[in-house]
Amino acid sequence: SSGINAECHYGRGGHEFNKVDPWQLAKVWDELLAFNNRSASISMYMFHGGTNFAYMQGAKGQYQEGIPEYPEIWGKMTSYDYDAPLTESGDTTWKYMLLRNTTSAYSKVYNVPENSTKEDPRIIKFKPHLNLFQMIDNAKRLPPSLVVHSLYPLAMEQMGQNHGIVIYTCEVPSSVNLPFSLTIPLFGDRIYLYTRKEGFIGMTSRNRPPQKFEINSRSIIILSDDNGHSNTGHVRYPYYLYQKGIISNVTINGNMNLTGWQAILLSNAMYQEPFARNNDELDLLDDIETQNHKGFPNAKGFLPTLYVSATEKTVNDTFVDTQGWGKGILMANGYNLGRYWPLAGPQKRLYCPVDFCGQVASKAEQKSVYAVLEMEQAPRNLSMMLSSSPLVDGVYDGTQL
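First things first, this report covers the structure right here in the doc. A quick note: this is a predicted structure, and the numbers were derived from the prediction, not measured.

### Section: the sheet that holds strand S15 (residues 212–215)
- Strand order in the open sheet made by the four strands is S15-S11-S19-S20, with antiparallel pairing throughout. The sheet is open, and its two borders are formed by S15 and strand S20 (256–257), each paired with just one other strand.
- Across two bridges, the pairing between strand S11 (residues 180–183) and strand S19 (residues 251–252) is antiparallel. In the strand pairing of S19, Leu182 is matched with Ile252.

So this is what it looks like as structure tokens:
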């Protein structure tokens with residue numbers, strides 16, 4: 001047998017980011033190439049990892065201590081850089097050149113093309129477009145397929161959306177005395193609870209112990225965000241436990257199931273009016289500036305908000321630095337670049353190829369349009385930086401999950 005290494009790792013990606021020393025890797029690489037009189041084969045994992053655009057980053061499922069029937073879900077990074085010899089943008093690295101040099105003793109190697117030109121670093125400024133309450137108020141402008149009414153809350157997949165974010169709303173009947181406790185036993189994978197009267201109530205995730213929320217209002221708003229579908233780890237659970245959104249009844253005082261729900265399929269709606277604009281429309285900036293946005297209502301805590309930036313056309317690949325923001329989705333000219341979560345890390349910058357960001361939003365104004373759906377916090381200056389280099393190995397804080 002000539003021998004084969006079926007999965008030679010260069011590093012490690014996922015919700016954490018681990019590197020392999022290039023010199024150590026080159027030594028192993030040399031030994032593999034020399035194995036069995038130079039007849040071995042090697043499968044490189046990953047030679048070029050690329051990017052998990054949109055909601056395709058996946059997650060790791062594992063048993064939850066104390067609740068064996070309910071899996072934890074650990075979302076992975078948007079980047080699949082993997083500390084590979086080629087970066088997300090296809091650039092060669094020192095690791096690549098080291099492996100190339102090692103390989104040259106065993107096989108012919110070829111000239112290496114130059115790395116792509118990157119956008120010069122600059123700041124892009126955002127303006128608030130719609131906050132959570134305004135999104136709900138504007139739901140009547142959405143196609144009926146994106147606003148689902150049901151007796152009990154439905155899982156995301158049951159409503160025709162497989163990934164992303166759903167806004168659930170429900171009115172508590174007048175027969176219920178205020179205040180009351182509210183419980184959501186099963187959901188996937190992270191929920192934020194609000195009321196019109198009180199604003200932000202609290203947040204929890206399926207990786208945390210069950211939680212009761214004390215509420216003094218009848219208008220319930222639940223934003224549900226998934227952390228990715230499990231593609232590694234333990235997957236031997238009933239299918240319904242891997243569904244996203246609310247996957248159980250919502251109970252009041254432990255003995256009453258709330259009925260009469262509306263759900264806005266927000267991730268699908270992001271491509272529709274009034275959340276987005278067609279690239280050929282010229283009124284995007286004017287619409288944002290004259291929409292009578294007066295900031296957040298007089299409610300405590302941060303409200304999820306859609307921010308938009310129409311900026312000078314981006315003409316090269318770039319990496320959008322999200323440090324200072326919390327957790328959300330970043331889009332460029334209608335293309336979903338994926339999730340950002342610098343609070344948890346380790347990834348701080350999202351890759352944006354020029355094929356996405358270089359398309360102009362207006363033939364007349366030559367603008368590139370970036371949109372951010374932020375769920376946890378936004379910096380005072382409402383800005384992000386376009387950077388010329390990736391940052392996928394920053395600080396990782398697992399307590400955020």
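The rest of the description comes next.
### Regarding the pairing of strand S25 (residues 335–340)
- Most of S25 is tucked away, with five of its six residues classed as buried.
- In this structure, strand S24 (residues 328–332) lies alongside S25, joined through five bridges in antiparallel fashion. Residue pairing across strands places Ile329 opposite Arg339, the latter belonging to S25.

### Some thoughts on the pattern of salt bridges
- Under the counting rule described, the total for this entry stands at 12 salt bridges.
- The shortest N-O distance in the salt bridge between Lys244 and Asp189 comes to 2.7 Å. Here Lys244 is found in the loop between strand S17 (230–233) and strand S18 (245–246), whereas its partner Asp189 is found in the loop between strand S12 (187–188) and strand S13 (190–195), with 55 residues between them in sequence.
- Exposure remark for Lys244: the relative accessible area of 1% places this residue in the buried category.

### Details of the sheet that holds strand S26 (residues 349–352)
- Ordered by their spatial adjacency, four strands build an open sheet running S7-S28-S23-S26, and the pairing between neighbours is antiparallel. Both edges of this open sheet fall to strand S7 (122–125) and S26, since each of them pairs with a single strand only. On average, each strand axis in the sheet is inclined to that of its neighbour by 30°, with strand direction left out of account.

### A short note on unusual backbone geometry
- Following Gly188, the chain continues into Asp189 via a peptide bond in cis, with omega recorded as 0°.
- Between Gly345 and the following residue, Pro346, the backbone shows a cis peptide bond with an omega angle of -5°.
- Within the secondary structure, Pro346 is located in the loop between S25 and S26.
- A positive phi angle is found at Asp83, which is not glycine, with a value near 55°.
- Its location among the elements puts Asp83 in the loop between strand S6 (67–75) and helix H2 (94–103).
- Judged by relative accessible area, which is 14%, Asp83 ranks as buried.
- Positive phi outside glycine occurs at Leu382, with the angle close to 45°.
- Owing to a relative accessible area of 17%, Leu382 belongs among the buried residues under this scheme.

### Things to note about the pairing of S24
- Judged by how many residues are buried, S24 sits mostly within the fold: five of five residues are covered.
- Taken together, S24 and the strand that follows it, S25, pair antiparallel across an intervening segment of two residues, in which Asn333 is found at a positive phi of about 50°.
- Where S24 lies against strand S27 (residues 367–374), five bridges are found, and the strand directions are antiparallel. Within the sheet, the bridge partner assigned to Gly328 lies in S27 and is Glu374.

### Quick word on the nonpolar core
- Counting residues in each nonpolar core, the largest one holds 56 residues, and the members touching the most others are Leu132, Ile167, Leu182, Ile220, Ile222 and Leu258.
- Beyond its immediate stretch of four places on either side in the chain, Leu182 contacts Leu193, Gln211, Lys212, Phe213, Ile215, Ile220, Val250, Thr251 and Leu258.

### Quick look at H2
- Among the residues making up H2, those that are buried are Lys95, Tyr96, Leu98, Leu99, Thr102 and Thr103. Looking straight down H2, one finds its buried side chains confined to an arc of 165°; they lie on one side.

### A word on the packing of aromatic side chains
- Across all of its chains, the model carries 11 aromatic pairs by this definition.
- Between Trp23 and Trp94, the ring centres sit 5.5 Å apart and the planes meet at 70°, which makes this aromatic pair edge-to-face. Pair noted here: Trp23 is in helix H1 (residues 22–38) and Trp94 is in helix H2, with a separation of 71 residues, a long-range link.
- Relative to Trp325, the ring of Phe126 lies with its centre 5.7 Å away and its plane at 75°, an arrangement referred to as edge-to-face. A residue pair is termed long-range when its members are at least 10 positions apart, and Phe126 in the loop between S7 and strand S8 (127–131) and Trp325 in the loop between strand S23 (318–321) and S24 qualify at 199 residues. The burial state of Phe126 is the same as that of Trp325; both residues are buried.
- Grouped by ring-pair contacts, the aromatic residues Tyr45, Tyr80 and Tyr82 constitute a single cluster.
- The ring of Trp341 carries Lys327 above its face, with NZ or CZ at 4.7 Å from the centroid.

### Considering the environment of Asp120
- Along the chain, Asp120 turns up in the loop between H2 and S7.
- For the pair Asp120 and Ser388, spaced 268 residues apart in sequence, the C-alpha separation works out to 6.4 Å.

Conventions used here
Residues numbered from 1 in each chain as written. Predicted model: local features only at pLDDT ≥ 70, side-chain atom pairs only at ≥ 80, totals over all residues. Heavy atoms only, no water. Pairing = 2+ DSSP bridges. Helix = DSSP H or I, 4+ residues; strand = E, 2+ residues; numbered from the N terminus. Buried < 20%, exposed > 50% of the residue type's maximum accessible area, 1.4 Å probe, protein only. Salt bridge = Lys/Arg side-chain N within 4 Å of Asp/Glu carboxyl O. Axes fitted to C-alpha atoms, helices over the stretch in contact; angles between N-to-C directions. Core = buried A, V, L, I, M, F, W, Y, C linked by side-chain atoms within 4.5 Å. Contact = heavy atoms within 4.5 Å. Arc of directions from axis to C-beta. Phe/Tyr/Trp six-rings, centres within 6.5 Å; stacked < 30°, edge-to-face > 60°. Lys NZ or Arg CZ within 6 Å of the ring centre and 35° of its normal.

As far as function goes, none of this settles anything; it's purely spatial.
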